[in-house]
Amino acid sequence: MRALRTFIGLRLAFWAGTALALLWSPAPPAPERAWDPLSDRFFAAFDRWDAQWFLQIARHGYDETSAAFFPLYPLVVHLLGSTIVTATLVSLVAAGLGAWAVAEIAPRLREESVLLLALFPTAFVFTSVYSDGLFLAFSAWSFLFAQRGQAWRAGVAGALACATRLLGLALLPALVLLLWRTPRKLLPLALLPAAVAAYALYLHWKLGDAFAFTHAQATWDRETPALGPLTGLWWAIEAGGHGARVLLSDLPRGTGLTQPQQIAFWNLVHLVLLGPAAWLTWVAWQRVSRAAGLYSAVTIVVVLAAPSRGFPLVSLPRFLMCDFPIVLALAALVQDRPRARTWTLVGFAAATAVAGVAFSRGVWVA
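Residues numbered from 1 in each chain as written. Predicted model: local features only at pLDDT ≥ 70, side-chain atom pairs only at ≥ 80, totals over all residues. Heavy atoms only, no water.

Colleague: Which parts of the structure should I look at to understand the overall build of the protein chain?
Modeller: Along its length, the protein chain carries 17 helices and zero strands. Taken over C-alpha atoms, the radius of gyration comes to 20 Å for the protein chain, in line with the 21 Å a tight globule of 366 residues would show. Judged by the C-alpha coordinates and their principal axes, the protein chain covers about 65 × 55 × 45 Å. Out of the 366 residues belonging to the protein chain, those deemed buried represent 52%. Partitioning the intrachain contacts of the protein chain with sequence separation of at least 6 by distance along the chain shows that 74% fall at a separation of at least 24. Treating the 27 positive side-chain charges of the protein chain as one cloud and the 18 negative ones as another, the clouds have centres 10 Å apart. (Helix = DSSP H or I, 4+ residues; strand = E, 2+ residues; numbered from the N terminus. Rg over C-alpha atoms; globule rule 2.2 N^0.38 Å. Buried < 20%, exposed > 50% of the residue type's maximum accessible area, 1.4 Å probe, protein only. Contact = heavy atoms within 4.5 Å. Lys, Arg positive; Asp, Glu negative; His and termini not counted. Charge placed at Lys NZ, Arg CZ, Asp CG, Glu CD.)

Set out below in structure tokens:
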């Protein structure tokens, strides 16, 4: 419970800081409202980008485009009233429960892992109408239950993670590794692909297209190339290299970046992030557990297997935030190094503050 309280307390503090920044320098009005102008500043602070998709699904159901967003989070929001208030609180509480599970997966890293997760640069989405908090909760609890040998609980939580995001299927190899010594305990893991199949059946009934969730990815120019993650990695290297050339040869003076320059910048940043993510996956394998390293590796492979043409690693920072073995690996590296620990936490805190304010003002961050 201490992990839950620490996580929620930190996120509330940064949420309040962002709201105060918007009072000082107002952003364009958000389309959603809470109760009054003051509460609007808080609950609409991060009402950007995917938030509107989730609220639209919760209120009006699916169409061919919105099918890309898996159903559990908008369903929970729908059942609780489909307001920005309830949707934001679901995200925050779920993320706190996820942090609690992450802390229990590696108790010796409890304090560092919770702080790093709460201060992760993209953790502002835990106080937004985004499904990341719910996905973190179910994926981390599924892993923890499997680690404890509780197969049915692991299967149910894993199925709920898959119902929140297709990336939940990346749990399967790690759960098998944790439970394979007792073959009968592998049976509940069939619930994970069954959850995806159930969503496909719903889409077939609703839209006449069982694979609408994959076809809808074309809206964001995502596709699964013939060589899967190998092609995705190559595209990411190409885009990152092009981004470096654009910024070095055409960096503006005294003005903001144009849209092509912004994409070039983010392609470069995301490619740079991929290297440490792969290294931390190896650290997770070595210093946390083989199952943790396997889950992280499969997560990265799945992300690379569905790149976007112009922006291959789009949303990578948020995917890495929910890739909790990476957080645990970083916690293991800094735990016995006070100076590195301090600088890492300070850097994360500064990054999440800046990213949160930028996102609240309509700047795409992740």
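Colleague: Explain helix α1 (residues 2-24) here, please?
Modeller: Note on helix geometry: an α-helix contains 3.6 residues per turn, so any two residues three or four positions apart are oriented the same way. With 23 residues, α1 ought to run about 33 Å at 1.5 Å a step, and its terminal C-alpha atoms sit 33 Å apart, in line with that. All of the buried residues along α1 are A3, L4, F7, I8, R11, F14, W15, T18, A19 and L22. (Expected span 1.5 Å × (residues − 1).)

Colleague: Is there a simple way to think about the side chain of S66 in this case?
Modeller: Checked against the element boundaries, S66 lands in the loop between α3 (50-60) and α4 (72-79). On the basis of relative accessible area, S66 is assigned to the buried category, the value being 0%. With sequence-adjacent residues up to four places away left out, S66 is seen in contact with W53, I57 and G61.

Colleague: Can you help me understand the pattern of salt bridges in this one?
Modeller: Any two side chains of opposite charge can pair, on the condition that their charged atoms come close. Tallied over the entire structure, the rule returns seven salt bridges. For D50, the salt bridge is made with R318, and the minimal N-O distance between the two is 3.7 Å. Separated by 268 residues along the polypeptide, D50 in helix α3 and R318 in helix α15 (residues 316-322) bring together distant segments of the chain. Exposure class is identical for D50 and R318. Each is buried. (Salt bridge = Lys/Arg side-chain N within 4 Å of Asp/Glu carboxyl O.)

Colleague: Would you explain the environment of L22 in this entry?
Modeller: Within the secondary structure, L22 sits in helix α1. The exposure class assigned to L22 is buried, which follows from its relative accessible area of 4%. Each C-alpha atom of the pair L22 and D323 lies 30 Å from the other, and the pair is 301 residues apart in sequence.

Colleague: How do you make sense of the packing of aromatic side chains when you look at a structure like this?
Modeller: Where two aromatic rings form a pair, the distance of their centres and the angle of their planes describe that pair. Under the definition given, this model contains 19 aromatic pairs. Aromatic pair W100 and W141: ring centres 5.7 Å apart, planes at 80 degrees, arrangement edge-to-face. Linking W100 in helix α5 (residues 84-105) with W141 in helix α7 (residues 132-147), this pair joins segments that are 41 residues apart in sequence. By relative accessible area, which is 23% here, W100 ends up partly exposed. Where W141 meets F145, the ring centres are 5.6 Å apart and the plane angle is 40 degrees; that geometry is what we call tilted. You can see W141 and its partner F145 sitting in helix α7, four residues apart, about one turn around the helix. You'll find W141 and F145 in the same group, each marked buried. Taken together, the ring pairs in this structure connect Y62, F70, Y199, Y202, W205, F211 and F213 into an aromatic cluster. The ring of F135 carries R165 above its face, with NZ or CZ at 5.1 Å from the centroid. (Phe/Tyr/Trp six-rings, centres within 6.5 Å; stacked < 30°, edge-to-face > 60°. Lys NZ or Arg CZ within 6 Å of the ring centre and 35° of its normal.)

Colleague: So what exactly am I meant to see when it comes to the nonpolar core here?
Modeller: If you look at soluble globular proteins, the nonpolar side chains tend to sit buried side by side. F7 and F324 are the most contacted members of the largest nonpolar core, which totals 120 residues. Per-element tally for this core: the top contributor is α5, with 12 residues. If near-sequence neighbours (up to four positions away) are discounted, F7 is found in contact with L92, A95, G96, A99, V114, L117, A118 and F126. (Core = buried A, V, L, I, M, F, W, Y, C linked by side-chain atoms within 4.5 Å.)

Colleague: Sorry, what's going on with the packing of helix α6 (residues 110-118) against helix α17 (residues 338-360) here?
Modeller: Each pair of packed helices gets described by two things: the angle between the helix axes and the distance between those axes. Two elements in contact, α6 and α17, have axes separated by 9 Å at closest approach and are oriented at 25 degrees. As judged from the angle between their axes, α6 and α17 are roughly parallel. Residues E111, E112, L115 and L116 of α6 form the contact with α17, whose participating residues are R341, T344, L345 and F348. Classifying every residue of the contact of α6 with α17 gives four nonpolar, one polar and three charged. (Axes fitted to C-alpha atoms, helices over the stretch in contact; angles between N-to-C directions. Parallel < 35°, antiparallel > 145°, perpendicular 65-115°, else oblique. Nonpolar A, V, L, I, M, F, W, Y, C, P; charged D, E, K, R; others polar.)

Colleague: Even after reading the chapter, I still don't get the environment of L166, so can you show me in this structure?
Modeller: Take L166: it is sitting in the loop between α8 (151-164) and α9 (171-179). A relative accessible area of 33% places L166 in the partly exposed class. Residues L166 and F145, 21 residues apart in the sequence, show an inter-C-alpha distance of 20 Å. Setting aside its immediate chain neighbours within four residues, L166 contacts F70, V196 and F213.

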